[in-house]
Amino acid sequence: MKRILHSAIDKVYNWNNLSDASHKVVQNKGSGGIDRMSVTTWAQKEKQHLSTLRHRLINDTYRSNPVKRCYIDKPGSKKKRPLGIPIVTDRVCQQAVHNVLSPVFEEYFHEDSYGFRPGRSTHMAAKRVEELRKQGYRTVVDLDIKGFFDHVDHEILMQLVRQVIKDRRVLGLIRGWLKAGVMEEGKIRYQTSGTPQGGVISPLLSNIYLTVLDNALTQAGYKFVRYADDVVILCRREEEAPEALNHVREVLKRLKLELSEEKTSISTFKAGFDFLGFHFTRRGHTIGTKSLKSLYAKVRLATRRKQGDQPVEEIIKALNPLLRGWGNYHRYGQNVGMFTKLDRWVRNRLRSYIYGRWRTIRWPRRSKPTKEEFDEMELFSMRSILRPEAQQLMLF
């Protein structure tokens with residue numbers, strides 16, 4: 001039987017839980033909120049800050065602060081994504097609540113929901129899409145929920161949370177974070193809907209909200225894969241797809257959400273479609289268009305010529321984490337040819353950087369740096385991580 005949590009605030013302000021929450025926030029780093037306290041500054045007097053927070057939680061005097069609004073680049077787009085940055089104290093408190101609530105709600109979440117859940121990943125979601133393709137689900141409905149994080153209805157969300165969490169004070173904490181407001185250009189705006197992207201608790205609340213959609217799709221007999229607000233429905237027959245789409249519209253209407261009609265589409269594995277940065281076809285999955293464009297843009301920026309007197313070794317040092325992270329994300333797929341091509345392109349970008357600055361960097365000879373020379377400078381090769389590792393024969 002699934003759990004109902006009647007008393008939870010004592011578990012939230014438990015010292016071990018608060019300490020664990022603080023360690024997670026410090027490990028994740030990040031910038032400060034409207035009080036300008038950095039994670040580093042918090043860590044220097046961690047016990048003192050935790051003691052103050054615990055005292056406020058015990059005495060029910062804790063109140064959340066507005067989040068600082070900033071904007072980050074949206075991969076594969078010129079648009080910016082709004083991000084809300086809570087102060088470190090609020091982040092730690094949200095993490096403490098998350099630690100307590102997450103295991104309880106995990107019992108309610110759908111098996112085919114993969115976003116921001118322990119032990120799950122985009123690669124597992126991609127694998128599930130492949131499994132359904134092999135089972136004969138060849139038509140795909142690619143859903144785009146219009147401004148999901150900005151349109152989550154607070155009252156509906158709290159109603160869903162209250163079905164599982166009965167502790168009045170924990171419910172008050174969650175409502176406080178939803179109503180805290182956003183500070184931008186020195187002015188505070190209070191929102192009647194939405195969960196601010198950037199808050200520790202936001203992904204959990206989003207999964208609670210969209211579990212309604214998960215259950216409705218399952219009850220109607222549809223197969224789907226969801227990662228946060230990215231959803232694909234997979235159908236055996238083409239005529240099922242429009243029916244599935246209409247069903248989704250009805251469910252989202254009850255949640256006070258709607259589809260972005262221009263971005264929602266019906267496709268097939270034969271035609272190919274993008275999902276979670278991957279491109280799926282009849283043969284498997286490769287690299288998605290937006291993900292590839294994003295990599296090109298970031299490498300171009302990192303290898304631009306006008307960077308003062310930066311030695312090429314420093315450029316490589318800054319470039320390697322980007323190449324390693326992106327390469328590891330796409331290492332599972334049919335990408336040997338593309339990785340080889342990308343490695344060659346990165347080396348040519350670096351050669352162009354060197355050629356444009358002969359006098360400044362004083363390259364030892366006026367010749368094209370070879371692949372081996374770049375290897376000596378420890379340039380990360382994405383192609384290398386696709387090579388099978390040598391395996392030792394072991395008796396036991």
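Read on for an overview of the structure. (Residues numbered from 1 in each chain as written. Predicted model: local features only at pLDDT ≥ 70, side-chain atom pairs only at ≥ 80, totals over all residues. Heavy atoms only, no water.)

Along the protein, the regular secondary structure elements total 16 helices and 11 strands. By its C-alpha atoms, the protein is 70 × 60 × 60 Å across when sized along the principal axes. Buried positions account for 47% of the 396 residues belonging to the protein. Here the analysis covers contacts within the protein between residues at least 6 apart in sequence; of these, 73% occur between residues at least 24 apart. Of the roughly 21600 Å² of accessible surface on the protein, a fraction of 50% belongs to carbon and sulfur atoms. (Helix = DSSP H or I, 4+ residues; strand = E, 2+ residues; numbered from the N terminus. Buried < 20%, exposed > 50% of the residue type's maximum accessible area, 1.4 Å probe, protein only. Contact = heavy atoms within 4.5 Å. Areas by Shrake-Rupley, 256 points an atom, 1.4 Å probe, with all protein chains shown as cover.)

As a further point, take the nonpolar core. Counting 67 residues, the largest nonpolar core has L101 and I233 as its most contacted members. Here the element with the most residues in this core is helix α5 (residues 88-106); it accounts for nine residues. Other than its neighbours up to four places away in sequence, L101 contacts L5, I165, V170, I174 and L204. Core analysis: the second largest hydrophobic core is formed by 23 residues, L295, Y296, L323 and F339 among them. (Core = buried A, V, L, I, M, F, W, Y, C linked by side-chain atoms within 4.5 Å.)

Summarising the element assignment, H49 is placed in helix α4 (residues 46-58). If we ignore the near neighbours within four places in the chain, the residues touching H49 are M37, T41 and W42.

Next up on the list: α5. A rise of 1.5 Å per residue sets the reference length of α5, with its 19 residues, at 27 Å; its end C-alpha atoms lie 26 Å apart and thus fit the reference within 8%. Within α5, the axis deviates most sharply at V100, by approximately 35°, and proline P103 lies no more than four positions further along. Taking burial as the measure, the 19 residues of α5 include 17 buried ones, the bulk of the element. (Expected span 1.5 Å × (residues − 1). Bend = angle between axes of the 7 residues up to and from the residue.)

The subject of this paragraph is the environment of I165. Within the secondary structure layout, I165 lies in the loop between α8 (154-162) and α9 (168-179). A residue is classified by how much of its surface remains accessible, and I165, at 0% relative accessible area, is buried. Once the C-alpha coordinates of I165 and C235 are considered, the two residues, 70 residues apart in sequence, prove to be 35 Å apart. Not counting residues within four places of it along the chain, the set of residues in contact with I165 comprises L5, L101, F105, V170 and L171.

With a phi close to 65°, R36 is a non-glycine residue in the positive phi region. Looking at where R36 falls in the secondary structure, it is placed in the loop between α2 (15-28) and α3 (39-44). Classification of R36 as exposed rests on a relative accessible area of 77%. Look at K256: it is not a glycine, yet its phi comes out positive at around 60°.

So, about the packing of helix α12 (residues 289-302) against helix α14 (residues 336-355). Two elements in contact, α12 and α14, have axes whose closest approach is 11 Å; the angle formed by their N-to-C orientations is 20°. Here α12 lies roughly parallel to α14, going by the angle between them. At the point where α12 passes α14, the crossing takes the right-handed sense. Between α12 and α14, the residues in contact are L292, L295, Y296, V299 and R300 and M338, K341, L342, W345, V346 and R349, respectively. Its residues placed into classes, the contact of α12 with α14 shows eight nonpolar, no polar and three charged. (Axes fitted to C-alpha atoms, helices over the stretch in contact; angles between N-to-C directions. Parallel < 35°, antiparallel > 145°, perpendicular 65-115°, else oblique. Left-handed = near helix turned anticlockwise from the far one by under 90°. Nonpolar A, V, L, I, M, F, W, Y, C, P; charged D, E, K, R; others polar.)

Here we take up the sheet that holds strand β6 (residues 223-227). Taken in spatial order, the four strands of this open sheet run β6-β7-β3-β8, and their pairing is antiparallel. Both edges of this open sheet fall to β6 and β8 (265-268), since each of them pairs with a single strand only. Ignoring strand direction, the axes of neighbouring strands in this sheet form an average angle of 20°. Inspection of the sheet shows β6 paired to strand β7 (residues 230-235) by five bridges, in the antiparallel sense. Across the sheet, the residue bridging to F224 is I233, located in β7. With respect to the sheet, helix α6 (residues 122-134) is in contact with β6 and β7, its orientation differing from that of β6 by roughly 165°. Each of β3 (139-144), β7 and β8 touches helix α11 (residues 240-254); the most contacted strand, β3, lies at about 25° to it. (Pairing = 2+ DSSP bridges.)

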